Amino acid sequence: MKKLNLAIIGQGRSGKDIHGKYYRSEDNRYYNVKYVVDADEFRRGVAEEIYPGCKTFANYEELFALDDIDIVVNASYSEMHYSITKDLLLHGKNVLVEKPFGRNLYECEDLMKTAKEKNLILAVFQQTFLAPFCEFAYETVKSGKLGDVKQVNIYYNGFSRRWDWQTLQKKCAGSTYNTGPHPIGMGLGFLDFDPNARVVYSKLDRVLTSGDADDYAKILLTAPGKPLVDIEISPMDAYSPCTLKLQGSKGTMKLTPKAYEMTYIVDGENPERPVIETFLQNEEGNPIYCSEKLVKHVEGDNFNGTAFDIGTAKLYEQLYFLITEGRPMTVTPEMAAAVISVIELVHAQNPLPLKY
């Protein structure tokens, strides 16, 4: 199998420790890291050590004249995603861009339009869709095991604070842009990316952050005939019970990236009870509460891998076959653009004062 030549822009936490971890793993049978771009001299030196034979540049524009690049990975600062990706596309490069796809829907649509006009590949790195726990949740909903799912709760919570560039509005940062693409993308997935999906409530706030961008978000999404999706991103939840909870007419499932537990009933095991219009009483004639012991089933298991290993490897494998054979990817630019449209609206509904 012929490996593709890859260039990556950015050697920060994402470029080095997420993408780079995959490049250096046994899962990477598809890519040769040919070029690395970073403005920092020390990081370029580290890249030359961990990717023997690669060539490094301080400026991504050095890539334009090279004709041996199959894909460029844009892992730059969030506010640079649009401008650098647009520049790369205009110079004939296929691009995988980190999330967030753009600052607004216009930027996303412009990138998709440019890629189409240039007959180039544009992909977005939203690997959570391919994480084992997320795939299992979607499969369970489709199976009908939980019945008609009425509510989905997604929690990306913790008890911590930040003071880096990811806390600044001018850097296209804050929890909704940084963390939000994961839970918002998952939430839209449970709505089947219905074009009629809408934000029915949103709130952004600053709680423990040192910057001027949001670190708290509450977003409610729904669509006609679809469940209510309750998304929460919070830095002040020291007792977050799970990452994902699905409530359906036949049962409930809670999941973390590592494991799941599900309690459900099976058709026919709990015959329907006729309505009693009068008060309920026991054999002695005393009033009693309306209750019963349902025949329930409980199951659970652990997941093998997370979004940061299995999910990343699957996305890169799909990208390889998109480039070499034209096979479609699970995560499309249109899906990533829908995520950004929600984030854009939520920010418009909850403007926070600029401090920096």
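The structure reproduced in this document is the subject of the present report. Computed from a predicted structure; not experimentally measured. (Residues numbered from 1 in each chain as written. Predicted model: local features only at pLDDT ≥ 70, side-chain atom pairs only at ≥ 80, totals over all residues. Heavy atoms only, no water.)

### Quick word on the sheet that holds strand 1 (residues 4-9)
Here's step 1: Pairing in this open sheet of six strands is parallel, and the strands run 3-2-1-4-5-6 from one edge to the other. The open sheet has two edge strands with one neighbour each: strand 3 (55-57) and strand 6 (122-125). Adjacent strand axes in the sheet meet at a mean angle of 25°, parallel and antiparallel pairs treated alike.
Here's step 2: Here six bridges tie strand 1 to strand 2 (residues 31-37), and the two strands are oriented parallel to one another. If you follow N5 over to strand 2, its bridge partner there is N32.
Here's step 3: Sitting on the sheet, helix 8 (residues 307-325) touches strand 1, strand 2, strand 4 (71-74), strand 5 (95-98) and strand 6, and the angle it makes with strand 6 is about 180°. (Pairing = 2+ DSSP bridges. Helix = DSSP H or I, 4+ residues; strand = E, 2+ residues; numbered from the N terminus. Axes fitted to C-alpha atoms, helices over the stretch in contact; angles between N-to-C directions. Contact = heavy atoms within 4.5 Å.)

### A short note on the nonpolar core
Here's step 1: Grouped together as the largest cluster of nonpolar side chains are 67 residues, with contacts concentrated most on L63, F101, L221 and L244.
Here's step 2: Counting residues per element, this core draws most heavily on helix 9 (residues 333-349), at eight residues.
Here's step 3: What L221 contacts, discounting residues up to four positions off in sequence, is L188, L191, R198, V199, V200, P227, L228, V229, I231 and V342.
Here's step 4: In terms of nonpolar packing, the next biggest core, distinct from the first, is built from 28 residues, Y30, V33, L315 and Y316 among them. (Core = buried A, V, L, I, M, F, W, Y, C linked by side-chain atoms within 4.5 Å. Buried < 20%, exposed > 50% of the residue type's maximum accessible area, 1.4 Å probe, protein only.)

### Section: the environment of K93
Here's step 1: Looking at where K93 falls in the secondary structure, it is placed in the loop between helix 3 (81-90) and strand 5.
Here's step 2: Among the residues examined, K93 registers a relative accessible area of 6% and is labelled buried.
Here's step 3: Expressed as a C-alpha distance, the spacing of K93 and N119, which sit 26 residues apart in the sequence, is 10.0 Å.
Here's step 4: When near neighbours in sequence (up to four residues on either side) are disregarded, K93 contacts L63, F64, L66, D67, I69, V72, L88 and L120.

### Some remarks on the side chain of T56
Here's step 1: Note that T56 resides in strand 3.
Here's step 2: By relative accessible area, T56 is classed as buried at 15%.
Here's step 3: Looking at T56, its side chain comes within polar contact range of the side chain of E48, at 2.6 Å.
Here's step 4: If we skip the residues at most four places from it in the chain, T56 touches V36, R44, A47 and E48. (Polar contact = N/O pair within 3.5 Å; in protein donor to acceptor, adjacent residues only side chain to side chain.)

### Focus on helix 3
Here's step 1: When you tally the buried positions in helix 3, you get seven out of 10 residues, the bulk of the element.
Here's step 2: Elements in contact with the buried residues of helix 3: strand 1, strand 4, strand 5, helix 4 (105-118) and strand 6.
Here's step 3: Phi turns positive, to about 80°, at G92, one or two residues after helix 3.

### So, the packing of aromatic side chains
Here's step 1: Enumeration over the complete set of coordinates arrives at 19 aromatic pairs.
Here's step 2: With centroids separated by 6.1 Å and ring planes inclined at 65°, the aromatic side chains of Y22 and Y23 adopt a geometry described as edge-to-face.
Here's step 3: For the ring pair Y320 and F321, a centre distance of 5.2 Å and an interplane angle of 85° mean the geometry is edge-to-face.
Here's step 4: On the accessibility criterion, Y320 (6% relative accessible area) is buried.
Here's step 5: Take F321: its relative accessible area is 12%, and that puts it in the buried class.
Here's step 6: Among the aromatic residues, those joined into a cluster by ring pairs are Y22, Y23, Y30, Y31, Y51, F125, Y316, Y320 and F321.
Here's step 7: Lying across the ring of Y77, K171 places its NZ or CZ 3.9 Å from the centre. (Phe/Tyr/Trp six-rings, centres within 6.5 Å; stacked < 30°, edge-to-face > 60°. Lys NZ or Arg CZ within 6 Å of the ring centre and 35° of its normal.)

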